[in-house]
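One-letter residues, chain by chain:
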Amino acid sequence: MKGHESRSTSSCAACKLLKRRCFPNCIFAPYFRSDEPCKFAKVHKVFGASNVSKILSEVPVERREDAVNSLAYEAEARLRDPVYGCSGAIALLQRKMVELQHDLAIARARLARYTTNPPLLYDHRINLSPLPDDFPICYGMKDESLLCPNSLASQQHGPVSVNVLRQS
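Predicted, not measured: the structure shown is a model, and the values here were computed from it. (Residues numbered from 1 in each chain as written. Predicted model: local features only at pLDDT ≥ 70, side-chain atom pairs only at ≥ 80, totals over all residues. Heavy atoms only, no water.)

Draft legend 1. Layout of the UniProt feature "coiled-coil region" (unreviewed entry) in the protein chain. Sites flagged by UniProt as "coiled-coil region" (unreviewed entry) map to residues 90-117. A distance of 40 Å separates the end C-alpha atoms of residues 90-117, which is 96% helix and 0% strand. (UniProt positions renumbered as here; feature names shortened; annotations may be inferred. Helix = DSSP H or I, 4+ residues; strand = E, 2+ residues; numbered from the N terminus.)

Right, here's the structure in full:
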């Protein structure tokens with residue numbers, strides 16, 4: 001133990017979970033640190049330690065980090081969705097992308113239609129006749145004459161006309 005451990009004496013997450021001694025040449029140690037026990041636990045539950053070890057030994061050293069990240073992602077997806085795993089997440093994202101592309105196409109078509117043929121706006125004057133005498137009197141409104149025919153403002157200004165812009 002004296003001269004052959006280059007890292008700290010703590011075991012990697014894999015060796016801790018498997019309850020074995022972590023050697024300096026442990027294939028799991030660089031990728032499953034001791035402070036990330038859940039990462040290896042999920043990968044181990046889905047793939048098994050032996051299979052993960054075989055996969056890592058077949059992958060070039062410079063690509064192992066990516067392989068471990070892929071295994072961790074797939075394990076997480078498999079635990080969430082045991083039937084489809086990553087494929088279910090990918091299918092869901094593809095379906096969402098198709099919906100968003102459809103919405104974008106509709107928005108672009110509407111925008112093109114409005115830029116080539118803008119809608120006409122008409123000014124219609126609507127004359128509001130006074131409300132019946134039994135209509136309740138409103139208080140606290142900014143302009144009581146609009147809603148309250150019995151108010152002093154309504155009696156002074158007469159019927160109210162409102163400009164309404166309509167889109168055809």
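Next comes the rest of the description.
Draft legend 2. Quick look at the nonpolar core. Counting 20 residues, the largest nonpolar core has Cys12, Phe28 and Phe32 as the members making the most contacts within it. The leading source of residues in this core is helix α4 (residues 64-80), at four residues. With residues up to four places along the chain from it excluded, the contact list for Phe32 reads Cys12, Ala13, Ala14, Lys39, Phe40, Val43, Val52 and Val68. (Core = buried A, V, L, I, M, F, W, Y, C linked by side-chain atoms within 4.5 Å. Buried < 20%, exposed > 50% of the residue type's maximum accessible area, 1.4 Å probe, protein only. Contact = heavy atoms within 4.5 Å.)

Draft legend 3. Main features of the environment of Phe40. Turning to its location among the elements, Phe40 is positioned in helix α2 (residues 37-47). For Phe40 and Leu17, which are 23 residues apart along the polypeptide, the C-alpha to C-alpha distance reads 8.1 Å. In contact with Phe40, not counting residues within four places along its chain, are Ala13, Ala14, Leu17, Leu18, Phe28, Phe32 and Ala49.

Draft legend 4. Spatial organisation of helix α3 (residues 49-58). Residues of α3 that are buried: Ala49, Val52 and Leu56. All buried residues of α3 lie within an arc of 65° about the axis, which places them on one face of the element. Lining the buried residues of α3 we find α1 (13-18), α2 and α4. (Arc of directions from axis to C-beta.)

Draft legend 5. Focus on unusual backbone geometry. Residue Lys19 is not a glycine yet carries a positive backbone phi of 55°. Take Lys19: it is sitting in the loop between α1 and α2. Take Lys19: its relative accessible area is 76%, and that puts it in the exposed class.

Draft legend 6. Representation of the confidence of the model for the protein chain. Per-chain confidence: the protein chain averages 77 in pLDDT, with 65% of residues scoring 70 or above. Low confidence marks residues 139-154, where pLDDT is under 50. Its contacts with residues over four positions away, or in another chain, come to 24 contacts. Every residue in residues 156-168 is under pLDDT 50, and counting partners more than four places away or in other chains gives 33 contacts. (pLDDT = per-residue confidence, 0-100.)

Draft legend 7. Examining the pattern of salt bridges more closely. Evaluation of the coordinates by the stated rule reveals six salt bridges. Across the pair Arg33 and Asp35 runs a salt bridge, and its minimum N-O distance is 3.1 Å. Relative accessible area serves as the criterion here: at 44%, Arg33 is assigned to the partly exposed category. We note a salt bridge from Arg80 to Glu76, for which the minimum N-O separation is 3.8 Å. Taken together, the residues span about one helical turn, with Arg80 and Glu76 both in helix α4 at a distance of four residues. Taken together, the shared-partner salt bridges in this structure form one network comprising Arg33, Asp35 and Glu36. (Salt bridge = Lys/Arg side-chain N within 4 Å of Asp/Glu carboxyl O.)

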